[in-house]
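The chain contents come next:
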Amino acid sequence: MDTIFALSSAPGKAGVAVIRISGPCAPSVAPAFSIPLPPPKKISLRKLCRGDGGHLDTALVVYLPKGASYTGEDTLELHVHGGVATVNAILEALGTMENLRFAKPGEFTLQAFLNGRMDLSEVEGLSDLIAAETEAQRVLALRLLSGALGRQVERWRSSLIKCASLIEATLDFSDEELPPNILDELHVLLIDLVDDLRDEIQGVKAAERIREGFEVAIIGRPNVGKSTLLNFLAGREAAITSERAGTTRDVVEVRMDLAGLPVTLLDLAGIQETADPVELLGIERARERGASADLRIYLVDNLGVPTHAPAYQDGDLIRSCKADLVQSPPADGVSGITGDGVDALIDAITGELTKRSRTAMTAAHVRHRRAIESSHEILLVALGHLQEGARSELVAEDLRYAIRSLESLTGHVDIEDVLEEIFSGFCIGK
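Predicted model only: the values in this text are computed from it and were never measured.

Focus on the nonpolar core
Ranked by size, the top nonpolar core spans 63 residues in total, and within it Ile 349, Leu 379 and Leu 399 carry the most contacts. By residue number, the principal contributor to this core is helix α7 (residues 182–212), which donates twelve residues. Those residues within four positions of Leu 399 in sequence are excluded, and the remaining contacts are Leu 160, Cys 163, Ala 164, Ile 167, Leu 190 and Leu 379. Of all hydrophobic cores here, the second largest spans 26 residues; its members include Leu 7, Phe 33, Ala 93 and Leu 100.

What to know about the sheet that holds strand β10 (residues 295–300)
Spatially, the five strands line up as an open sheet ordered β8-β9-β7-β10-β11, and their pairing is mixed. Since the sheet does not close on itself, it has two edges, and those belong to β8 (252–258) and β11 (317–320), each with one partner. Strand-to-strand, the axes of this sheet are offset by a mean angle of 25°, without reference to chain direction. When strand β7 (residues 214–219) meets strand β9 (residues 261–267), the two strands line up parallel, connected through five bridges.

Some points on the packing of aromatic side chains
Applying the stated criterion across every chain yields a total of two aromatic pairs. The interplanar angle of 85° and the centroid separation of 5.5 Å between the aromatic rings of Phe 5 and Phe 102 together place this pair among those described as edge-to-face. Residue Phe 5 is located in strand β1 (residues 3–7), and its partner Phe 102 is located in strand β6 (residues 100–102); the two are separated by 97 residues in the primary sequence. Residue class for Phe 5 comes out buried when judged on its relative accessible area of 3%.

Remarks on the pattern of salt bridges
In the structure shown here, the tally under the stated rule is 24 salt bridges. Between Arg 367 and Glu 124 there is a salt bridge, and its shortest N-O distance comes to 2.9 Å. Linking Arg 367 in helix α11 (residues 366–387) with Glu 124 in helix α4 (residues 120–131), this pair joins segments that are 243 residues apart in sequence. Its relative accessible area of 18% is what places Arg 367 among the buried residues. With relative accessibility at 4%, the residue Glu 124 sits in the buried group. A salt bridge links Glu 352 to Lys 355; its shortest N-O distance comes to 3.4 Å. Taken together, the residues span about one helical turn, with Glu 352 and Lys 355 both in helix α10 (residues 342–357) at a distance of three residues. Given a relative accessible area of 12%, Glu 352 falls into the buried group.

Considerations on the pairing of β9
With respect to burial, β9 is a largely interior element, seven of its seven residues being buried. When β8 meets β9, the two strands line up antiparallel, connected through seven bridges. Among the inter-strand pairings, Val 254 is bridged to a residue of β9, identified as Leu 265.

Conventions adopted
- Residues numbered from 1 in each chain as written.
- Predicted model: local features only at pLDDT ≥ 70, side-chain atom pairs only at ≥ 80, totals over all residues.
- Heavy atoms only, no water.
- Core = buried A, V, L, I, M, F, W, Y, C linked by side-chain atoms within 4.5 Å.
- Buried < 20%, exposed > 50% of the residue type's maximum accessible area, 1.4 Å probe, protein only.
- Helix = DSSP H or I, 4+ residues; strand = E, 2+ residues; numbered from the N terminus.
- Contact = heavy atoms within 4.5 Å.
- Pairing = 2+ DSSP bridges.
- Axes fitted to C-alpha atoms, helices over the stretch in contact; angles between N-to-C directions.
- Phe/Tyr/Trp six-rings, centres within 6.5 Å; stacked < 30°, edge-to-face > 60°.
- Salt bridge = Lys/Arg side-chain N within 4 Å of Asp/Glu carboxyl O.

In structure tokens form, the structure reads like this:
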């Protein structure tokens, strides 16, 4: 394995910057900087010098031997002053040393994966944790990083191996007397697995929304106050407002954090009959984005929900517009001018999305869902073969495919096609 180095803390000015060197040649970096190698796992204050004796910086140096480091390789960390010039000078010095090269994006974590320090789902959890912007995203990422999915996969795998052993018994000892309930036990195990996988598939959809963010679309006729409401919720002029109908032609998006959930509010073009081709294009986009959103807020006047608006779905909200203009506003009234009804609207949005997010389980990525769906479908086929009295060889083959599909979640089978995609998403230094 190559010895690699990179800045592992954020680039730019900082009090402290961490430079990591990982690989078999990492211990040789210490004498190259004219310092003794520190005792393992001990922090030492050292004066770093160039080969010509020039002073680079005074740093805290940590040596983590192979097997005790993040990467599983011999690792030397230099905790230096975080000035740009200081960091660049040390990186430049490292670049001149033999058998060292600059790390690629995610390569330290790739070393950890290849050394068995992390499984693939934990790698994805780490990436999610680095990218987390809200509390719900942080909690979800930590769950994945802690190995929860790997432990769940191992439980499923153990059950499938037990199923495989039962079906193999019917193959290896078909001429001998077997317990009469062996196929019944196999059937029960498969049913339980199918139910578990189905629940996980439902949960991963909610987890995907937590990772990527929920979309909440504001829908209504032109000039009912959609953009004004969006601006009030955003606390800034995110959308142009005007008494002239049809001002909003494109989708205006505002990212928010609601009770720890990532939410993107969508201000859509007003939906009405029109001959204006530009406005018509905006209305068509409004219908498409409104239909695909996770939640819709219908902002209505006395004419109600406009014709051709995206269909109402369970959990969607209907609110009467411009409550500030009504002497006795209705209970469901809302105003983006005065803020009347906005707190109740936010509570309703938060309550609905929180309810949906509670179904999130351990899997959190599209890749996870596809692998679990694949295994689920294969087990349904296996159940069908079992119930039809098909040859045991067919059921045994189904179980092997199901196990392989689940093992791809943690990287215990060949999955080179997804490794590059996953690790390329990391920053250099991680």
